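Given next are the chains, with one letter for each unit.
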Amino acid sequence: MSTRLTRKITNELHSLESLMNATTNFLEDHGVDGQTVYRVNLALEEMITNIIKYGYDDYDGHDIDVALEIFPDEVVAVIEDDGHEFNPLAQSKGVEHALETQPIGGLGIHLIKQLVGKMSYQRDGDRNILEIRAQRKHASA
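Computed from a predicted model, the values in this text were never measured in an experiment.

A. How the structure looks around the sheet that holds strand E2 (residues 63-70). Reading across from one edge, E1-E2-E3-E5-E4 is the order of the five strands in this open sheet, with antiparallel pairing throughout. Because the sheet does not close on itself, it has two edges, and the strands there are strand E1 (4-10) and strand E4 (118-124). For this sheet, the mean angle separating the axes of adjacent strands, direction not counted, is 15°. Here seven bridges tie E4 to strand E5 (residues 127-135), and the two strands are oriented antiparallel to one another. Looking at E5, one finds that Arg-123 is bridged to Asn-128.

Written as structure tokens, this is what we have:
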């Protein structure tokens, strides 16, 4: 069995469901622990939802490429899109106020940064490339 999964989805929210199902099945079939599966899925859902909602000025169809690779100690997810240049790592917003007075928006990226091991971003031509590295809780060979 391959330890790499690639999917191309469209910039429509309903595309996320099939991606989440494929991701869960792929990770579970390769013995990835439930907590890591949850963190990877949450990170993908949050980041791709942001791309779909805010990445484009038009109503045209756009492809979002997602690749997952499983390693003994981590799962690496790469999201590529042709939306507006946006580096989520440059977003410094955190919880700066009491939760009930916290302004709405921006906490999803902060949460994902806290949940995954490492993230990196680069812009290559007209493409955003976000790499998410989630440490596995129970590594298996």
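Further notes follow.
B. Molecular detail of the pairing of E2. The sheet contact formed by E1 and E2 spans seven bridges and is antiparallel. For Arg-7, the partnering residue across the bridge sits in E2 and is Val-66. Linking E2 back to strand E3 (residues 74-81) in an antiparallel pair, the connection comprises three residues.

C. Representation of the side chain of Asn-11 within the structure. Examined against the element boundaries, Asn-11 turns out to sit in the loop between E1 and helix H1 (15-29). Here Asp-60 takes part through its backbone oxygen, which lies 3.2 Å from a polar atom of the side chain of Asn-11. In terms of polar contacts, Asn-11 uses its side chain to reach the backbone amide nitrogen of His-62, at 2.7 Å. The residues contacting Asn-11, other than those within four sequence positions of it, are Ile-52, Tyr-56, Asp-60, Gly-61, His-62 and Ile-64.

Quick notes on the rules
Residues numbered from 1 in each chain as written. Predicted model: local features only at pLDDT ≥ 70, side-chain atom pairs only at ≥ 80, totals over all residues. Heavy atoms only, no water. Pairing = 2+ DSSP bridges. Helix = DSSP H or I, 4+ residues; strand = E, 2+ residues; numbered from the N terminus. Axes fitted to C-alpha atoms, helices over the stretch in contact; angles between N-to-C directions. Polar contact = N/O pair within 3.5 Å; in protein donor to acceptor, adjacent residues only side chain to side chain. Contact = heavy atoms within 4.5 Å.

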